[in-house]
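# Structural overview for review
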Amino acid sequence: MNDADCVPDEVTYSSMIDVYGAAGLTEEALELYERLRRRGWNPDQVTFGTIANVYAKVGDYKAIERLFWDMKELGVRPNVVVYNTYILALSKAGKPSLAMDALCQMEDSGIKPTTVTLSILIEMYSKLGAVDDAFAVFKQMQQEGLNCDRIVYNSLISACAENSLVKEAEDVLVEMEETGHAPDEATYRCMISAYATRGMVEEARRFLDRLLKEGYKPNVQVYSSLVRACKQARQYDKVPLYFEEMIINGCKPDQRLCGMLLGCLSTCEDKNLQDGILGCLQWTSITLHDIAKRLLAKDTDGPWLTKQIKAALDEMPEDSHRAFCNTLIDMCMSLGYTEGSHQILGIGVTLGMYENIQVRSDLEWRLNLRGLSLSAAQCAVEGWVSSLTLALKEGEHMPRHFIVETGGSKRRVADQIKLSETIPSLLKKLDAPFEEDLEAGAFVATASAVKSWLESRNVSI
């Protein structure tokens, strides 16, 4: 265009920003937008929606708030796309109150929420474990005349599945079919997942058969759910059968499925059934098979285990590394192999998967348990107590406060218990003098209280 002396116009700029955003080049998109705004360029409504989407991808909801001021200054009225994108960014940031405020602002400006809006809110509340709130928003919008589509119903069934609410998921499915919306592939997968959380193997199988009958192809997530159901129901003999069926149907095992197999091994006590599950792991990864076999035998040494875990991590994407180590730690704790769990946590810290678990400053010492499984958190607490004991023995300077961070609310998500629900009992068992700070998502104690507590544990100073 420059060589041909063609001057870029609003359409050119908007298109380039859209291309950058679609390609995931968020920095380039935002840089172009900021540069053009400094030159006095006035984007239209569509371009503002594109920019809002780019900001949402990088999780910057405050930048979207600034877009509203830009739009107001230019006399551009936000449309439903901008509002939905803003609400999505707030939901991903875990800001439910602000998301509902944005919904009210949207309605006050005369823009009616869409099924996309409703799906975003349902997913937000689902991740918070607040399914009652998800149903409340669903019913409210129904009363306001919003015709819910299949996507909304699937979102609601998914929310029930994530929170182990099988009866509620079944009720939503009935309403969905009664309102003329036929179940699709996503519906069947969500129902299978819901049944899996309660170990309802036969019911999950029945929906897999329905999925196959409708001509859909099951994926690895479906079979992971079935393995999970077998674990919950302790029907370990069916695990190799579903694994074989999965391979026949052309599904490639992923990290989540491997985690499910390791979970089965941690609770299965029958040697023959363990061998069947180990066979599945061996087909997937020789390295994982060797690690699992040695953990079952409670026979690991540090250098060997470190080498094997490094090799296993090389086989999987980086964003699954911490979850993998959490799974191994959970397995060790279930097997009563405390030494192994502490070894793996130490390896994870060394390899950078558990950064900033223990943070010290002059004013406070923090133990950050966010993102850890329950077993990993228990190991971290035990390790922290040992380090505090050593610090007191060696006469190190004590800060004013000691803080244990758990994060999140006390709501239950799926069948996983929140750290904030279990850490109090662990601290109480240790007779530790920490008091809960609900707003901060943490437990706090003063230096004098911690020192007295450590001394009462017969620490020799």
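As a starting point, this report considers the structure included with it. (Residues numbered from 1 in each chain as written. Predicted model: local features only at pLDDT ≥ 70, side-chain atom pairs only at ≥ 80, totals over all residues. Heavy atoms only, no water.)

### Some details on the pairing of strand β2 (residues 364–368)
Look at any regular strand and the pattern is simple: side chains alternate between the two faces of the sheet. Residues Trp365 and Leu367 line the buried face of β2, whereas the alternating positions Glu364, Arg366 and Asn368 sit on a face that is not buried. The antiparallel hairpin formed by strand β1 (residues 358–360) and β2 contains three residues in its connecting segment. In the sheet, β2 pairs with strand β3 (residues 401–405) via five bridges, with the strands oriented parallel. Looking across to β3, one finds that Glu364 is bridged to His401. Crossover connection from β2 via helix α21 (residues 374–393) to parallel β3: handedness right-handed. (Buried < 20%, exposed > 50% of the residue type's maximum accessible area, 1.4 Å probe, protein only. Helix = DSSP H or I, 4+ residues; strand = E, 2+ residues; numbered from the N terminus. Pairing = 2+ DSSP bridges. Right-handed = clockwise from strand over helix to strand, strands pointing away.)

### Looking at the nonpolar core
Ranked by size, the top nonpolar core spans 148 residues in total, and within it Leu369 and Phe434 carry the most contacts. Broken down by element, this core gets its largest block of residues, ten residues, from α21. With sequence-adjacent residues up to four places away left out, Leu369 is seen in contact with Ala377, Ala380, Val381, Val404, Glu405, Thr406, Leu419 and Ile423. (Core = buried A, V, L, I, M, F, W, Y, C linked by side-chain atoms within 4.5 Å. Contact = heavy atoms within 4.5 Å.)

### Some words on the sheet that holds strand β4 (residues 435–437)
Strand order across the open sheet formed by five strands is β1-β2-β3-β5-β4, with mixed pairing between neighbours. Here the strands that pair on one side only, and so sit at the sheet edges, are β1 and β4. When strand polarity is set aside, the average angle formed by the axes of neighbouring strands in this sheet is 25 degrees. Strands β3 and β5 (442–446) of the sheet are contacted by helix α23 (residues 447–456), whose axis makes an angle of about 80 degrees with β5. (Axes fitted to C-alpha atoms, helices over the stretch in contact; angles between N-to-C directions.)

### Observations regarding unusual backbone geometry
With a phi angle near 55 degrees, Lys298 is a residue other than glycine that sits in the positive phi range. Along the chain, Lys298 turns up in the loop between α17 (286–296) and α18 (302–314). Positive phi, normally seen in glycine, also occurs at Asp431, with a value near 60 degrees. For Asp431, a relative accessible area of 58% translates into the label exposed.

### Considering the pattern of salt bridges
On inspection of all chains with the given rule, the structure shows 15 salt bridges. As a salt-bridge pair, Arg189 and Glu185 come within 2.2 Å of each other at their nearest N and O atoms. Of the two residues, Arg189 and Glu185 both sit in helix α11 (residues 185–197), four residues apart, roughly one turn of that helix. Under the relative-accessibility criterion, Arg189 is labelled partly exposed at 27%. Assessed through its relative accessible area of 23%, Glu185 is described here as partly exposed. (Salt bridge = Lys/Arg side-chain N within 4 Å of Asp/Glu carboxyl O.)

### Considerations on helix α3 (residues 45–57)
Within an α-helix, residues lying three or four positions from one another point in the same direction, as the helix has 3.6 residues per turn. Taking 1.5 Å per residue as the helical rise, α3 with its 13 residues ought to reach 18 Å, and the 19 Å between its terminal C-alpha atoms agrees with that figure. Looking at α3, one finds that the buried residues are Thr47, Phe48, Gly49, Thr50, Ile51, Ala52, Val54, Tyr55 and Ala56. Those residues of α3 that are buried lie in contact with α1 (10–22), α2 (26–38), α4 (61–74) and α5 (80–92). Taken from the residues just after α3, Gly59 is the one with a positive phi, measuring 75 degrees. (Expected span 1.5 Å × (residues − 1).)

### Describing the side chain of Thr50
Structurally, Thr50 can be placed in helix α3. Filtering out sequence-adjacent residues up to four positions away, Thr50 remains in contact with Ile17 and Asp18.

### Re the packing of α11 against helix α13 (residues 220–233)
Two elements in contact, α11 and α13, have axes whose closest approach is 8 Å; the angle formed by their N-to-C orientations is 20 degrees. Put simply, α11 runs roughly parallel to α13. By crossing handedness, the relation of α11 to α13 is classed as left-handed. Touching Arg189, Ile192, Ser193, Ala196 and Thr197 of α11 are Val222, Ser225, Arg228, Ala229 and Gln232, all from α13. Grouping the amino acids of the contact of α11 with α13 by side-chain chemistry returns four nonpolar, four polar and two charged. (Parallel < 35°, antiparallel > 145°, perpendicular 65-115°, else oblique. Left-handed = near helix turned anticlockwise from the far one by under 90°. Nonpolar A, V, L, I, M, F, W, Y, C, P; charged D, E, K, R; others polar.)

### A closer look at the environment of Thr338
Within the secondary structure layout, Thr338 lies in helix α20 (residues 338–350). Along the sequence, Thr338 and Lys298 sit 40 residues apart, while their C-alpha atoms lie 9.5 Å from each other.

### Quick look at the side chain of Asn219
Structurally, the position occupied by Asn219 is in the loop between α12 (201–213) and α13. In terms of polar contacts, Asn219 uses its side chain to reach the side chain of Gln221, at 2.9 Å. At 3.0 Å, the side chain of Asn219 forms a polar contact with the backbone nitrogen of Val222. (Polar contact = N/O pair within 3.5 Å; in protein donor to acceptor, adjacent residues only side chain to side chain.)

### Some details on the state of the cysteines
If you walk through the whole model with that rule in mind, you get zero disulfides. Not part of a disulfide, Cys264 finds its nearest cysteine sulfur in Cys230, a span of 7.0 Å. For Cys264, a relative accessible area of 0% puts it in the buried group. Unpaired in terms of disulfides, Cys325 finds its nearest cysteine sulfur in Cys332, a separation of 11 Å. (Disulfide = S-S within 2.5 Å.)

### Details of the packing of aromatic side chains
In total, this model carries ten aromatic pairs according to the counting rule given. With a centroid separation of 6.3 Å and 50 degrees between ring planes, the pair formed by Tyr188 and Phe207 is classed as tilted. In this pair, Tyr188 is assigned in helix α11 and Phe207 in helix α12, connecting sequence segments 19 residues apart. Exposure class is identical for Tyr188 and Phe207. Each is buried. Taken together, the ring pairs connect Tyr188, Tyr195, Phe207 and Tyr216 into an aromatic cluster. (Phe/Tyr/Trp six-rings, centres within 6.5 Å; stacked < 30°, edge-to-face > 60°.)

### Digging into the environment of Glu123
Looking at where Glu123 falls in the secondary structure, it is placed in helix α7 (residues 115–127). Here Glu123 falls in the partly exposed class, since its relative accessible area comes to 45%. Considered as a pair, Glu123 and Ser155 are 32 residues apart in the sequence and their alpha carbons are 6.5 Å apart.

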